[in-house]
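Understanding the architecture of this molecule
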Amino acid sequence: MTTDLALFLGIAAISILTAVSMLLSRDTIYSALFLVLNFLAVATLYLLLNAAFIAMVQVTVYAGAIMVLFLFVIMLLGTSHDTLGGPYRWQLPVAIILGLGLITELAVTLMARGESISNNAASVSEAFGSPASVGKLLFSEYLVPFEVTSVLLLVAMVGAVILTRRGKQEGL
Amino acid sequence: MNVPTSYIIALSGVLFSLGILGVLIRRNTIVIFMSIELMLNSANLAFIAFARMMAPAAEALRGQVIVFFIIAVAAAEVAVGLALIVAIFRNKETVNIDEVNSLQG
């Protein structure tokens with residue numbers, strides 16, 4: 001087993017374990033913290049896949065900003081210990097069967113077509129995925145989508161303020 | 001890192017399935033929302049893996065640009081979604097999704 005493969009298997013095991021722990025934790029706070037660990041593991045994987053800029057964005061935006069927002073809301077609403085499965089007894093087994101079915105489907109597809117995407121040996125320059133190269137693309141070819149994204153973030157901000165404000169009308 | 005792309009796609013698929021499972025089995029709205037984030041993240045992982053596979057080509061970097069946009073959209077989605085959850089909690093005093101059924105016919 002090569003070092004690269006061992007490294008990948010270790011990170012993959014961490015990310016899957018944290019995802020499963022997130023699903024099974026009864027306490028919402030623990031779920032959120034496990035999700036932070038999962039995001040950090042995936043960010044490490046991005047770094048190993050020559051995506052340095054995206055890895056840093058992942059850590060600051062996902063593991064930083066978004067998860068802090070989640071934790072803030074959990075603290076605001078209070079943690080609740082909920083049960084798995086819904087009001088119907090068949091819900092949990094059916095969900096697990098459907099999840100396993102999806103994994104089987106993906107595995108079968110990968111077994112059948114995986115040969116065509118097995119090659120990953122090409123070496124790349126250090127500039128690939130650096131902030132400079134991604135930024136150059138963002139500000140030239142993808143300038144319009146980039147500006148639309150800023151409008152989207154503004155709309156989301158205004159929407160969040162309006163949804164949570166206590167107006168004259170009761171309710172929302 | 002010299003690992004076959006199919007391994008990374010397999011990891012991405014497993015994480016996506018775990019996200020779906022989370023949406024199906026958990027009752028807490030916030031945990032369901034976190035599972036959706038997990039699914040978005042696994043899609044990002046597939047984008048990055050394919051960008052690495054196509055790497056010597058100049059177009060390969062576009063995969064990483066798409067991931068940047070997905071992260072931006074996810075941030076906007078989280079802001080609005082959590083605001084909705086807070087608004088629902090104010091009205092109904094619950095985050096359990098089975099009790100939020102006012103629209104049920």
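Residues numbered from 1 in each chain as written. Chains lettered and ligands numbered in written order. Predicted model: local features only at pLDDT ≥ 70, side-chain atom pairs only at ≥ 80, totals over all residues.

1. Describing the overall build of chain A
Put simply, the rule is: Numbering goes from the N terminus for both helices and strands, where a helix is a DSSP run of H or I of at least four residues and a strand is a run of E of at least two. To assign burial, the other C-beta atoms lying within 10 Å of each residue's own C-beta are counted, with C-beta atoms placed from the backbone; 20 or more indicates buried, 12 or fewer indicates exposed, and intermediate counts indicate partly exposed.
Broken down by element type, chain A carries six helices and zero strands. Starting at the N terminus and walking to the C terminus, you meet the elements of chain A as α-α-α-α-α-α. The proportion of buried residues among the 172 residues of chain A is 24%.

2. Overview of the interface of chain A and chain B
So the rule is basically this: In this description, a residue-residue contact is defined by the distance between C-beta atoms placed from the backbone, which must lie within 7 Å. Under the grouping applied here, Gly and all other residues not named as nonpolar or charged are polar, the nonpolar ones being Ala, Val, Leu, Ile, Met, Phe, Trp, Tyr, Cys and Pro and the charged ones Asp, Glu, Lys and Arg.
Listed as interface residues are 77 residues of chain A and, on the opposing side, 62 residues of chain B. Looking at side-chain class alone, the side of chain A that touches chain B contains 56 nonpolar, 19 polar and two charged residues.

3. Some words on the packing of helix α1 (residues 5–25) of chain B against helix α2 (residues 29–53) of chain B
Residue and element names in this part refer to chain B. Put simply, the test is: In this analysis, axes come from line fits to C-alpha atoms, helices being fitted only over the stretch in contact, and the angle between any two N-to-C directions falls in the range 0 to 180 degrees. Roughly parallel means an angle under 35 degrees; roughly antiparallel, over 145; roughly perpendicular, 65 to 115; everything else is oblique. Helix crossings get a hand from a simple test, with the near helix turned counterclockwise from the far one by less than a right angle marking a left-handed crossing and a clockwise turn marking a right-handed one.
Two elements in contact, α1 and α2, have axes separated by 8 Å at closest approach and are oriented at 165°. In this view, α1 runs roughly antiparallel relative to α2, as classed from their interaxial angle. α2 is crossed by α1, and the crossing has left-handed handedness. Per-class residue counts for the contact of α1 with α2 are 18 nonpolar, seven polar and no charged.

4. Some thoughts on helix α3 (residues 52–77) of chain A
The following threshold applies: One less than the residue count of a helix, multiplied by 1.5 Å, gives the span that helix is expected to have. In this analysis the local bend is the angle between axes fitted, respectively, to the seven residues ending at and the seven residues starting at the residue.
For α3(A), built from 26 residues, the straight-helix expectation of 38 Å at 1.5 Å per residue is met to within 8% by its first-to-last C-alpha distance of 36 Å. Within α3(A), the axis deviates most sharply at A:M67, by approximately 30°. Buried residues of α3(A): A:F53, A:I54, A:A55, A:V57, A:Q58, A:Y62, A:I66, A:F70, A:V73, A:I74 and A:L77, and no others. On its buried face, α3(A) sits against α2 (28–48) and α5 (131–140) of chain A together with α2 and α3 (61–92) of chain B. Just downstream of α3(A), A:G78 is the residue with a positive phi angle, here 85°.

5. Digging into unusual backbone geometry
Residues other than glycine seldom take positive phi values, yet A:N50 does so here, at roughly 60°. Along the chain, A:N50 turns up in the loop between α2 and α3. Overall, A:N50 belongs to the buried group, with 24 C-beta atoms counted inside 10 Å. A positive phi angle, close to 60°, is found at B:E93, a residue other than glycine. With respect to the helices and strands, the residue B:E93 is situated in the segment after α3.

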